[in-house]
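# Summary of structural features
As a plain string of letters, each chain reads:
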Amino acid sequence: MSDILVHTEAGVTTITFNRIEKKNSITAAMYAALADAVEQAAADNAVRTLLIQGDATIFSAGNDLGDFLNAPPSTENSPVFRFMRALAGFPKPVVAAVCGPAVGIGTTMLFHCDLVYAGDNAAFSMPFVNLGLCPEFASSVLAPQMFGYHRAAEALLLGEPFMAEAALEVGLVNRVVPPTECNDFAQKQARKMAAKPLSALVETKRLMKKGQQAQLVERMGEEGQSFGRMLREPAAREAFTAFMEKRKPDFSKV
Ligand code: COA
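Before going into details, it helps to say that this report is about the structure given with it. (Residues numbered from 1 in each chain as written. Predicted model: local features only at pLDDT ≥ 70, side-chain atom pairs only at ≥ 80, totals over all residues. Heavy atoms only, no water.)

### Focus: the site of the ligand
Of all residues adjacent to the ligand, which total 14 residues, the nearest are Lys22, Ala61, Asn63, Leu65 and Lys246. One of the side-chain N or O atoms of lysine 23 is found 3.4 Å from an oxygen atom in the ligand. Contact distances for the ligand include 3.0 Å between a nitrogen atom and a backbone N or O atom of asparagine 63. Protein coverage of the free-state accessible area of the ligand, which is 870 Å², stands at 65%. (Near = heavy atom within 4 Å. Polar contact = N/O pair within 3.5 Å; in protein donor to acceptor, adjacent residues only side chain to side chain. Areas by Shrake-Rupley, 256 points an atom, 1.4 Å probe, with all protein chains shown as cover.)

Right under this line is the structure:
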């Protein structure tokens, strides 16, 4: 079965991460499938809302670390950047249902969702510094904006996980629900919006986001340049190799 499942019903396109055995870590092929699904949902007038979900135990472990080591994204047209641009510019409402770990892009993609529901087992983290990397997906601007600077600095400079209740407090999450009910609840909310006039949904989102888009695109570009360079540097390569070899990284020489 595919690692990314896409299903459209009742005006909602639901994208499900389906690589559970690898904790829904995302490969280049998965980013390409995600970008295609988001672009198609944007273009299809029968689709009014998008829902992104994992299962009750895991949302996503972020980028596949083997891919980062062996085939890091090299151009602006790499699937990961295509996915980021498609989601950041998606004109209709996006809902996310997050249970279990949401690591790296598993958390940063949530800044580009409109409603986020979390299971009480959700654990969010942006461990870029621990991997010798810097923030991506405009999280260097959106995290301070949403959390306040000091709480964002804690999340981004320590890179430690924070749980669903803390995410609720900083405004990353709308509501915390039992993990087994999370996807159904998010689907219900997505369908509620999908029953409303599309033009009203699109115009409301456009107005709420007005003025922000150019800054986000510019920041994603700047972050992408640094991130792309840092992926190839010794600190990141040591972090990825250590993960693959199931040992602690040794940053003493980098
Ligand atoms: N890339 C590639 N493989 C990954 C992965 C990732 N990001 N995250 C998990 N996996 C794989 C593991 O290598 C393991 O594979 P194996 O069974 O072949 O050994 C499998 O998924 C299960 O992972 P495991 O670490 O045993 O699960 P866990 O429940 O103990 O921990 C996480 C779950 C998500 C907390 C942990 O896997 C993790 O920290 N992953 C890395 C997250 C990360 O740094 N992402 C990049 C952010 S930029």
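### Observations regarding the nonpolar core
Phe83, Met109, Leu110, Phe124, Leu133, Phe147 and Phe240 are the most contacted members of the largest nonpolar core, which totals 67 residues. Each residue touching phenylalanine 83, except ones within four places of it in the same chain, is listed here: Tyr31, Leu34, Ala35, Val38, Ile105, Met109 and Phe137. (Core = buried A, V, L, I, M, F, W, Y, C linked by side-chain atoms within 4.5 Å. Buried < 20%, exposed > 50% of the residue type's maximum accessible area, 1.4 Å probe, protein only. Contact = heavy atoms within 4.5 Å.)

### As for the sheet that holds strand S4 (residues 94–98)
Taken in spatial order, the 6 strands make up an open sheet running S1-S2-S3-S4-S6-S9, and their pairing is mixed. Two strands bound the open sheet, and with one partner strand each, they are strand S1 (4–9) and strand S9 (175–177). Sheet twist, expressed as the average angle between the axes of neighbouring strands with direction ignored, equals 20°. Sheet analysis places strand S2 (residues 12–17) next to strand S3 (residues 49–53), joined by 5 bridges and oriented parallel. Bridging across to S3, isoleucine 15 finds its partner in isoleucine 52. Packed on one face of the sheet, helix H8 (residues 179–194) meets S1, S2, S3, S4, strand S6 (115–119) and S9 and runs near 165° to S6. (Pairing = 2+ DSSP bridges. Helix = DSSP H or I, 4+ residues; strand = E, 2+ residues; numbered from the N terminus. Axes fitted to C-alpha atoms, helices over the stretch in contact; angles between N-to-C directions.)

### Focus: the pattern of salt bridges
Oppositely charged side chains are able to pair whenever their charged atoms sit close together. Summed over the entire model, instances satisfying the criterion amount to 10 salt bridges. A salt bridge links arginine 82 to aspartate 36, with the shortest nitrogen-to-oxygen separation between them at 3.0 Å. On the criterion of sequence distance, the pair formed by arginine 82 in helix H3 (residues 79–88) and aspartate 36 in helix H1 (residues 28–43) is long-range, its members being 46 residues apart. For arginine 82, a relative accessible area of 23% corresponds to the partly exposed category. Linking glutamate 245 and arginine 247 is a salt bridge whose minimum nitrogen-to-oxygen distance equals 2.8 Å. Bridged by salt links that share partners, the residues Asp36, Glu39 and Arg82 form one connected network. (Salt bridge = Lys/Arg side-chain N within 4 Å of Asp/Glu carboxyl O.)

### Brief notes about a positive patch on the surface
A grouping of Arg175, Lys188, Lys192 and Lys196 is seen on the molecular surface, where their side chains present a positively charged patch. If you trace the backbone, lysine 188 turns up in helix H8. Of the residues examined, lysine 188 reaches a relative accessible area of 48% and is grouped as partly exposed. (Patch = residues over 30% accessible without salt bridge, like charges linked within 9 Å, V, L, I, M, F, W, Y side chains within 5 Å. Lys, Arg positive; Asp, Glu negative; His and termini not counted. Charge placed at Lys NZ, Arg CZ, Asp CG, Glu CD.)

### Some thoughts on H3
Within H3, 7 of the 10 residues are buried, leaving the element largely enclosed by the surrounding structure. Residues of H3 that are buried include every one of Val80, Phe81, Phe83, Met84, Ala86, Leu87 and Ala88, and no others. Elements that come into contact with the buried residues of H3 comprise H1, S3, S4, helix H4 (105–108) and helix H10 (213–231).

### Observations concerning the pairing of S1
Pairing of S1 with S2, which is carried by 6 bridges, proceeds in the antiparallel orientation. Within S2, the position partnered with leucine 5 by the bridge is threonine 16. Counting the residues that bridge the hairpin from S1 to S2 gives 2 residues, and of these alanine 10 lies at a positive phi of roughly 50°.

### Details of the side chain of glutamine 53
In this structure, glutamine 53 sits in strand S3. At a separation of 3.0 Å, a polar atom in the side chain of glutamine 53 contacts the side chain of threonine 16. Dropping the residues within four chain positions of it, glutamine 53 is found in contact with Thr14, Ile15, Thr16, Phe17, Phe59, Ala97 and Asn183.

### Overview of the sheet that holds strand S8 (residues 162–163)
Sheet strands pair by backbone hydrogen bonding; their relative direction is either parallel or antiparallel. As summarised here, the arrangement of the 3 strands in space is S5-S7-S8, forming an open sheet in which the pairing is mixed. Unpaired on one side and paired on the other, strand S5 (101–103) and S8 mark the two borders of the sheet. Pairing between S5 and strand S7 (residues 123–125): 3 bridges, direction parallel. Its bridge partner being in S7, alanine 102 is matched across the sheet by phenylalanine 124.

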